[in-house]
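Observations on chain architecture
One-letter residues, chain by chain:
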Amino acid sequence: MLRILGHGRSEWLFCSWMGLAVCMTATELAAQVSEGHSTTSGDGLHSLRAELRPFSGNRRDGERHHLKPDTSCILSAMMRGEFSDRGVVPGVRLERVAGATLALVAANVAAYAHFHEVWWDHPRTRFHLYRGWRRSSGAYDLGPDDSLWHHVDKCGHFFSASQLSRHGAATARWVGLSAAQADWAGFLLASFLMLEIEVYDGFFAEWGFSLGDFLANEVGAAFPVLQRRHPAWRKLAIKLSYCPSGDPVYGRYLVEDYAGMTFWLCLDEDLFLPHKARRFWPDILDVAIGYGVTAKTGGAPELYVALDIDLRQVRVSNGVLRPLVAALEAVHLPAPALRLTPSRVAYFLYF
């Protein structure tokens, strides 16, 4: 099998299996440590009901709910179909673990093939750190002048790690872990999958292991865990919108088309409206701050402000539509926007 995959692919597959083993071992240790806290009869159901309560639509004394539900909780409830008195399911479902593992390895190998075509078809060298586009000088991709594309790629690393962590936690709930265990399983899985890319970058002469990318990965992987444990952070959301830039060099692949990407920090109205004004503002609307670049190389940074549709406030009872709506929560849907830099442009709908 390794001969068929080739030398680089065999390394990638080996790393995939090793990473899965590390994640499963760490998850098992977390389960043993937290067994007395997270699997007590009735506690899991009470916690899950508390997380789902913002969807009930009930309000006290005319006040609106300020906390937004966690996507991983909604997905796990949907996939399970019923609640048990021990939280998610009474124990880990080994057949689901096997299915999720095989799907993950297959997706990882497919990702390698795509990334090899886009980035890794270049001369290899010894492992080294990436200092920036100047190669011989720079703050190891942490300084403001170390990136030709104004560090928009760091937004991509944060976003990707966040999504892997969130959906990894949802999958861990599905296979039978408690909410606390699933959070850390999602974090570990996202951290490994993103670290896998950085380590591989470290052996290419044109790239290198980027400390800036690594930092963005870890913060992004921790973001869903932070949101679950501290409800105030749920008033923030990170989203992506994409429209092909048409760049003849970098526009062939989505992952390389930085000029076509815009990353959004979406703010709940509680963060910018006075208390008395909140009742007049629709719950489904947030305000978003967007960041992008006009071109991947030599472009100018772009800053936007726009309205955002918060799909976390939409109650969906259809079991088929529910995962689709959950997936779209990470997408900034077309909405009115104003570009502030490098020049001021108003958009009736921007995506």
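Conventions we followed
Residues numbered from 1 in each chain as written. Predicted model: local features only at pLDDT ≥ 70, side-chain atom pairs only at ≥ 80, totals over all residues. Heavy atoms only, no water. Axes fitted to C-alpha atoms, helices over the stretch in contact; angles between N-to-C directions. Helix = DSSP H or I, 4+ residues; strand = E, 2+ residues; numbered from the N terminus. Parallel < 35°, antiparallel > 145°, perpendicular 65-115°, else oblique. Left-handed = near helix turned anticlockwise from the far one by under 90°. Contact = heavy atoms within 4.5 Å. Nonpolar A, V, L, I, M, F, W, Y, C, P; charged D, E, K, R; others polar. 1 Å grid on protein atoms, 1.4 Å probe; cavity = no way out; pocket = protein on both sides within 12 Å on 5 of 7 lines; lining within 4 Å. Points joined across faces, edges and corners; volume = space filled by probe spheres on them. Pairing = 2+ DSSP bridges. Expected span 1.5 Å × (residues − 1). Buried < 20%, exposed > 50% of the residue type's maximum accessible area, 1.4 Å probe, protein only. Phe/Tyr/Trp six-rings, centres within 6.5 Å; stacked < 30°, edge-to-face > 60°. Lys NZ or Arg CZ within 6 Å of the ring centre and 35° of its normal. Core = buried A, V, L, I, M, F, W, Y, C linked by side-chain atoms within 4.5 Å. Salt bridge = Lys/Arg side-chain N within 4 Å of Asp/Glu carboxyl O.

Moving on, we come to the packing of helix α5 (residues 94-118) against helix α7 (residues 179-201). Following both chains from N to C, one finds α5 and α7 inclined at 30°, their axes separated by 13 Å at the closest point. With respect to α7, the element α5 is oriented roughly parallel. Our pair here, α5 against α7, has a crossing hand that is right-handed. Here α5 contributes Leu104, Asn108, Tyr112 and Phe115 to the contact with α7, which in turn contributes Leu189, Leu193, Glu196, Ile197 and Tyr200. Of the residues in the contact of α5 with α7, the class split is seven nonpolar, one polar and one charged.

Before going further, it helps to examine the layout of surface pockets. Taken as a whole, the largest pocket spans an internal volume of roughly 1100 Å³. Lining of the largest pocket is provided by 43 residues; of these, Phe115, Trp119, Ser160, Met194 and Val255 occupy positions nearest its centre. Only α5, α6 (152-175), α7, β1 (236-242) and β2 (261-267) provide two or more residues apiece to the lining of the largest pocket. In the lining of the largest pocket, the residues fall into 25 nonpolar, 10 polar and eight charged.

The antiparallel open sheet is built from six strands, whose spatial order is β1-β2-β3-β4-β5-β6. The two strands at the open ends of the sheet, each matched to only one other strand, are β1 and β6 (345-350). Recorded for the sheet is a direction-independent mean angle of 25° between the axes of neighbouring strands. Bridging between strand β4 (residues 301-309) and strand β5 (residues 335-341) involves four bridges; their strand directions are antiparallel.

This part is about α5. An α-helix turns once per 3.6 residues; consequently, residues spaced three or four apart project the same way. For α5, which comprises 25 residues, the first-to-last C-alpha distance of 36 Å matches the rise-based estimate of 36 Å (1.5 Å per residue) to within 8%. By the burial criterion, the buried members of α5 are Arg96, Val97, Val105, Asn108, Tyr112, Phe115 and Val118.

Bringing α6 into the picture now. Helix length check: α6, at 24 residues, gives a terminal C-alpha distance of 35 Å against a target of 34 Å (1.5 Å per residue), a fit within 8%. Immediately downstream of α6, the backbone of Gly176 shows phi near 125°, a positive value.

Below, the discussion takes up the packing of α6 against helix α8 (residues 211-229). At their nearest, the axes of α6 and α8 sit 7 Å apart, and the two run at 40° to each other. Comparing their axes, α8 and α6 come out oblique. Viewed along their axes, α6 and α8 form a crossing whose handedness is right-handed. Seen from α6, the contacting residues are Asp153, Lys154, His157, Phe158, Ala161, Ser162, Ser165, Arg166 and Arg173; seen from α8, they are Gly212, Asp213, Ala216, Asn217, Val219, Gly220, Ala221, Phe223, Pro224, Gln227 and Arg228. Residues belonging to the contact of α6 with α8 are distributed by class as follows: seven nonpolar, seven polar and six charged.

Time to look at the pairing of β1. The element β1 is largely enclosed, with a buried count of six among its seven residues. Relative to β2, β1 runs antiparallel, the two being bridged by seven bridges. Residue pairing across strands places Ala237 opposite Cys266, the latter belonging to β2.

Right, let's talk about the packing of aromatic side chains for a bit. Evaluation of the coordinates by the stated rule reveals 21 aromatic pairs. Between Tyr347 and Tyr350, the aromatic rings sit 5.0 Å apart at their centres with planes inclined by 65°, giving edge-to-face as the arrangement. Under the relative-accessibility criterion, Tyr350 is labelled buried at 12%. It is Arg124 that lies over the ring of Phe204; its NZ or CZ is 5.5 Å from the centre. The ring of Trp149 carries the charged tip of Lys296 above its face, separated from the ring centre by 5.0 Å.

Glancing now at the nonpolar core. Counting residues in hydrophobic clusters, the biggest one holds 10 residues: Trp149, Val152, Phe159, Leu240, Tyr242, Tyr258, Met261, Phe263, Val293 and Ala330. Looking at this core, the elements with two or more residues in it are α6, β1 and β2. In this structure, Phe115, Trp119, Tyr200 and Phe204 belong to the second largest nonpolar core, which totals nine residues.

Where charged atoms from two side chains of opposite charge approach closely, those side chains can pair. Inspection of the entire model under this criterion finds 12 salt bridges. Salt-bridge contacts for Asp141 lead to Lys154; the nearest nitrogen and oxygen are separated by 2.9 Å. Here the residue Asp141 occupies a position in the loop between α5 and α6, and Lys154 occupies one in helix α6, the gap between them amounting to 13 residues. There is no split in this pair, since Asp141 and Lys154 are both buried.

Now for the environment of Val255. Secondary-structure assignment places Val255 in the loop between β1 and β2. The exposure class assigned to Val255 is partly exposed, which follows from its relative accessible area of 25%. Measuring from C-alpha to C-alpha, the distance between Val255 and Phe115 comes to 8.8 Å, with 140 residues separating the pair along the chain. Beyond its immediate sequence surroundings of up to four residues, Val255 is in contact with His114, Phe115, Val118, Trp119 and Met261.

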